[in-house]
Structures are given as structure tokens and as C-alpha cells.
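The lines below spell out each chain.
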Amino acid sequence: MDNNLYKKIEHYVTGLFETLEDNTLAYHNLKHTQSVVDRTKEIAGHYHVNEKEMLTLYAAAWFHDTGYLFTEPAKHEEMSVEVMRKFMLDHTNDNELIDNIEQCILVTKPPRNPVNLLQQIICDADTYNLGTKDFKATNKRVMEEYKLKNGKLDKVEFNKNTIKLLEDHQFYTTYCKDLLSVTKELNMKKLKKKLA
């Protein structure tokens, strides 16, 4: 595998987030991206994916939210693909690789419908926090970001939407189902209790 390309991707995306720092991105920022990269490595490691698949996942994880730096949240996945394509075309002529990365980025857009293991892995890495003890803290940051972007926030409405998100959400890999489902249910119960 081209370790050099790994380093370049990491360096480039880190640079984007640092140069175009957007204070309204309380959640979809470099920290979230790094966390998704780490989770992607963790899940992919469980499945022993090959080197090319790992590069696909790694690039998708790094680029998946770069679109937030350039456009409104609703269009960020498509913009993330543009950012990724522009970068990757300068560094490789492997169109199949670039297409696979694109599909992995676009599948993170709800409603998610991953059709292969790589897409399942990236979806699970992106929403991993829903099934962890960190959920309360990450949800606070999502709420903060929403407030900064929209200027106002109805907390009850936000919590109702979060509950719906949790109810509609699923983990796709058996690894994440086994590891995170119980805590996700607990997180949902706590939130419902808060609303009641």
C-alpha cells in the first residue's frame, strides 16, 4: 500500500480544517473526522480488509465531512466528494479507487443504504458515537453546532429529532452491532426519560 498517499491525505484534510476553521462546526470538525478515521481503522481491522480496501476506507473517512467547510450541511456529502476527487486525481490515476471512495462518502448521507462491507464500515464508523458513553457529549456538540448554524434552537424539538434518529439508525457490521447496540438503546432510554 502507498503509505505516502495516506500521509498526504491526512496532511491535506487536516490542513483544510485548520486553514478554513469554521467556528460554527462544533461537531463536524477535525476532531470528529479524526475519530471517524480511528473507528474506521478499528472496524476494518476486525474484518482484515485488503490494502486497497483500507485505502478506500481511509480516504473516505478523512474526506467524508470536508464539504462542511464549503457548503451548507444538506449538500456536504456531494461537496466532500468534489474535494476528494480534486485531491485524488492529482495523486493517482486509479479511477476505480476514486469511484469506490466516492460511493463510501455518499453512503453516509441519510437514508443510508450500504451495499457492501466497505460502505457498512464507513457508515458504522461515522455513527459509532451513538452506541458509546460519549453520546451525551457528542450530542451536546451537535446541538451546539445546530444552534450556531441556525441561530435558534428548540431543545425539546431537538431531543425529539435525536430520538427519531436513534430509532431509525442501525449498525450494519456485526462487529458494531455486537459492540454498540446495548449502549445505543441505553442512550435512547436516557433521552426519552429526559423528555418525559
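The structure under discussion appears in the preceding block.
From a predicted model like this one, the values you see are computed outputs, not experimental measurements.

*Asks:* Which parts of the structure should I look at to understand the overall build of the protein?
*Replies:* Of regular secondary structure, the protein possesses 9 helices and 0 strands. Starting at the N terminus, the α and β elements of the protein follow one another as α-α-α-α-α-α-α-α-α. Its C-alpha atoms give the protein a radius of gyration of 17 Å, near enough to 16 Å, the size a compact globule of 196 residues would have. C-alpha atoms of the protein, sized along the principal axes, occupy 55 × 35 × 25 Å. Residues counted as buried form 45% of the 196 residues belonging to the protein. Taking as baseline every contact in the protein between residues at least 6 positions apart, the subset at least 24 positions apart corresponds to 69%.

*Asks:* Is there a simple way to think about the side chain of T108 in this case?
*Replies:* Looking at the element boundaries, T108 is found in the loop between helix 5 (95-106) and helix 6 (117-126). A distance of 2.6 Å separates the side chain of T108 from the backbone oxygen of I105, its partner in a polar contact. The contacts of T108, once residues within four sequence positions are left out, are E77, I122, C123 and D126.

*Asks:* What exactly am I supposed to notice about the nonpolar core here?
*Replies:* Side chains that are nonpolar tend, in soluble globular proteins, to be buried together. In this structure, I9, F63, M84, M88 and I101 are the most contacted members of the largest nonpolar core, which totals 46 residues. It is helix 3 (residues 51-63) that provides the largest number of residues to this core, a total of 9 residues. Excluding residues that lie within four positions of it along the chain, M84 makes contacts with F63, I98, I101, E102 and I105. Core analysis: the second largest hydrophobic core is formed by 6 residues, L130, F135, L166 and M188 among them.

*Asks:* In this structure, what is going on with the pattern of salt bridges? I would like to understand it.
*Replies:* A full pass over the atoms with the stated rule returns 12 salt bridges. Its salt-bridge partner being D94, residue K52 comes within 2.8 Å of it at the nearest N-O pair. Of this pair, K52 sits in helix 3 while D94 sits in the loop between helix 4 (76-91) and helix 5, placing them 42 residues apart in sequence. Note that K109 is salt-bridged to E77, the shortest N-O span being 3.4 Å. Of this pair, K109 sits in the loop between helix 5 and helix 6 while E77 is found in helix 4, placing the two residues 32 residues apart along the sequence. Among the ionic contacts, a cluster of salt bridges with common partners joins K52, D94 and E96.

*Asks:* Would you explain the environment of V37 in this entry?
*Replies:* Assignment of secondary structure puts V37 in helix 2 (residues 30-47). A residue is classified by how much of its surface remains accessible, and V37, at 2% relative accessible area, is buried. Spatially, the C-alpha atoms of V37 and Y58 are 6.4 Å apart, while their sequence positions differ by 21 residues. Residue contacts for V37: discarding those within four places in its chain leaves Y58, A61 and W62.

*Asks:* Just to check I follow, could you spell out the side chain of T56 for this structure?
*Replies:* By the element assignment, T56 lies in helix 3. You can call T56 buried: its relative accessible area is 2%. Side-chain polar atoms of T56 contact the backbone oxygen of K52, separated by 3.0 Å. In this structure, T56 is in contact with L97, N100, I101, C104 and L118, ignoring residues within four places of it in sequence.

*Asks:* Honestly, a positive patch on the surface in this entry has me stumped. Any pointers?
*Replies:* On the surface, K133, K136, K140, K147, K155, K190 and K194 cluster together into a positively charged patch. Those elements that provide at least two residues to the positive patch are helix 7 (135-150) and helix 9 (174-195). Take the positive patch: its biggest share by element is 3 residues, from helix 7. Here K194 lies in helix 9. According to the relative accessible area criterion, K194 is exposed, its value standing at 58%.

Parameters at a glance
- Residues numbered from 1 in each chain as written.
- Predicted model: local features only at pLDDT ≥ 70, side-chain atom pairs only at ≥ 80, totals over all residues.
- Heavy atoms only, no water.
- Helix = DSSP H or I, 4+ residues; strand = E, 2+ residues; numbered from the N terminus.
- Rg over C-alpha atoms; globule rule 2.2 N^0.38 Å.
- Buried < 20%, exposed > 50% of the residue type's maximum accessible area, 1.4 Å probe, protein only.
- Contact = heavy atoms within 4.5 Å.
- Polar contact = N/O pair within 3.5 Å; in protein donor to acceptor, adjacent residues only side chain to side chain.
- Core = buried A, V, L, I, M, F, W, Y, C linked by side-chain atoms within 4.5 Å.
- Salt bridge = Lys/Arg side-chain N within 4 Å of Asp/Glu carboxyl O.
- Patch = residues over 30% accessible without salt bridge, like charges linked within 9 Å, V, L, I, M, F, W, Y side chains within 5 Å.
- Areas by Shrake-Rupley, 256 points an atom, 1.4 Å probe, with all protein chains shown as cover.
- Lys, Arg positive; Asp, Glu negative; His and termini not counted.
- Charge placed at Lys NZ, Arg CZ, Asp CG, Glu CD.

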